[in-house]
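Descriptive structure summary
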Amino acid sequence: MSRLVPVICLVCGVAITSVMALEQPNIIIFYVDDLGWQDVEKLNDLGDPCPYETPNLIKLAEAGMNFSQGYSPAPTCAPSRAGIITGQHPAKLRYTHVTAASIPKPGKDAEFQEPFLGGYLGLDHLTLADALRDNGYQTGHFGKWHCGLNAGAYGFETFNQTRGIHRGMEDRTKDFATARDKTYPLSKEKYPPVSKDFPKGISYPYDELTEESLKFVLENKDEPFFLNLCHWMVHWPMLTRNGELLEYYCKKLGQPFPPEKGDMKLPGQQNPYFASMVTSVDWSLGRLIDLLKATDDPRNPGKKLIETTYVFFTSDNGGAEIKGREILSDNYPLKAGKKHTDEGGVRIPLVVAGPEIPAGTESATMISQLDFFPTILTLTSSKIPAAAYAELSGLDITPVLIDGASEVVGANGKKRDSLFWHFPHNAQRAAIRKGDYKLYRHFQTGAYSLYRLYNNGTYADIEEKEDLSANPEYAGIVAALSEELNRNLVENNAELPHRNPNFKGATLPSAKIKGVSFSTKNSTATLQLDSKSVKASEAYVLFYGDESGGAHGSKVKKGRNVTFEDPKVAYRVKNPAEIDRSGYAVSAPVPDGVGRVQFIVIDENRFCHYSEITEVTE
């Protein structure tokens, strides 16, 4: 039965005063792929209004709180998703990009190389799904996962990783869904947008992702539920099966319909395919909210599910602007976009609505998606072990959501005034945002750059045009922020870019691999370095199946009863290897069922070496 009571939530052994909240409210994370801060209507508009229509998101913001300074923990997909689901910073997870299972292959012109991340997110982390399931919640994931294996291996009891309507088409200019389409039949119901050409609205194709999410809500409404709905849109490829919606945007943007074949090259926010995907995602949000409004909550008589559910709407990273020769969208005035730690790559739309959150409010407080985990624990009065809570990187923002607090405060009473990012890929930078300023560390050169985004809360250089790092007036700020950023990297055990042993301009000596051997007597693989070269300082081993795939990690279906020792989940995961006293021999035990091994050795001069993949002989 529904009751409003003051709750003391004992999480991690620390007493946290909760808000006047419903007992075990439902939780929904509505996650969009590559939706930029400027890709939504009205909420964060700077300069020209965004032409993409998102009426349902506007309604959600009118019912809750819009965060104008919401940030993702990384500028790409996989690390942001891993950060939300574990509550831990991607730097701490050492899961900082999407090319997780790829062995870096830098050319001779590259002095540094990105670190190898592993084939999937480690299974030893307590996830948000684990935590809520252990506290009586039904857990469901639908859509894009992108953390390796599948969502069932990380605590979700129900999952369907369908792409829904976001699948490739032979000809995106004309292969649209019809009412009789076997896979994507158009709806009889009409939905926005409404126009002169479509006075009653338009029909939308059947979307398995949306429908399966609605089904999960209806099937689990008798118990508290956690729904993780993750759209594959508005990621590349640029397409839509909704011909009426594409026609609407072509006419709105003053372009011919059907569009001509080839890349869309008009600058700014003029890609009608991208616009159609944004509105399709918004339509999905509307379908979900309408269901919550129409459905009674069996656990709370007299209330609808909309009154007992928290909805977190956000995107995995900043907006994608270009793919090949096609212009997708534009993050202006923010600098850059996806794959960059600039504002355009990490600032994202973020709206939260639910019980006791004041309607139509906006917060300029800096918020990270890493804050979701501890906040949801408080909102749901959920308990996790003290050691697990201590691992969380974010903070509880419940006072901001419910009471309108302007600052985020940790359990120790310390106010948080900064956020940091670590992306040792592409441009290879780390960044910190503190107050009005944002500072970048450039790993390749060792230099720093500094920008003043705000001046006492008003926009100053949000475009990040003027680098202040060489200005003596800001020397103290550069020193303080660089010290704090580097301390964060050390405290989180962040893996920095390594030197490339193939770099033609290298001035330092590096280790030399002599070979890899395998002992059948004790099932141990050993790598030997040349004793006249540089010693090893870190070492890891990767396990592979046989040539046919054998122990491939994708074979794991569901459940958490899997370990790193199981070769089915050992595929391309960094397992620690032992360095002997001499520093020139590295060894590791090899589990049964592993067909091949590969060593990673980082030498004392920070060069990273990969051995050849070696067969394990019986």
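First things first, this report covers the structure right here in the doc.

Cut-off values and rules
Residues numbered from 1 in each chain as written. Predicted model: local features only at pLDDT ≥ 70, side-chain atom pairs only at ≥ 80, totals over all residues. Heavy atoms only, no water. Pairing = 2+ DSSP bridges. Helix = DSSP H or I, 4+ residues; strand = E, 2+ residues; numbered from the N terminus. Axes fitted to C-alpha atoms, helices over the stretch in contact; angles between N-to-C directions. Salt bridge = Lys/Arg side-chain N within 4 Å of Asp/Glu carboxyl O. Buried < 20%, exposed > 50% of the residue type's maximum accessible area, 1.4 Å probe, protein only.

**Regarding the sheet that holds strand 19 (residues 429-434)**
- Across the sheet, which stays open at both edges, the four strands sit in the order 18-19-20-21 with antiparallel pairing between neighbours. The sheet is open, and its two edges are formed by strand 18 (418-423) and strand 21 (448-452), each paired on a single side. Neighbour to neighbour, the strand axes of the sheet diverge by 15° on average, direction disregarded.
- Inspection of the sheet shows strand 18 paired to strand 19 by six bridges, in the antiparallel sense. Counted as the bridge partner of Leu 419 is Arg 433 from strand 19.

**With respect to the pattern of salt bridges**
- Taken as a whole and judged by the stated rule, the model has 27 salt bridges.
- Close ionic contact of Asp 197 with Lys 251 constitutes a salt bridge, the shortest N to O distance being 3.3 Å. Placement of Asp 197 in the loop between strand 8 (158-160) and helix 5 (208-220) and of Lys 251 in helix 6 (residues 243-252) is noted, with a sequence separation of 54 residues between them.
- Taking the relative accessible area as the measure of exposure, Asp 197 reaches 45% and is therefore partly exposed.
- Each of Asp 33, Arg 81, Lys 144 and Asp 316 takes part in a single network of salt bridges with overlapping partners.

**Here's the deal with the pairing of strand 31 (residues 596-603)**
- Along strand 31, eight of the eight residues are buried, which leaves the element largely enclosed by surrounding structure.
- Pairing geometry for strand 27 (residues 536-544) and strand 31, over eight bridges, is antiparallel. Looking at strand 31, one finds that Phe 543 is bridged to Val 597.
- Bridging between strand 31 and strand 33 (residues 614-615) involves two bridges; their strand directions are antiparallel. By the bridge assignment, Arg 596 is partnered in strand 33 with Glu 615.
- Relative to strand 32 (residues 608-610), strand 31 is paired through three bridges, and the arrangement is antiparallel. When the bridges of strand 32 are listed, Ile 602 appears paired with Cys 608.

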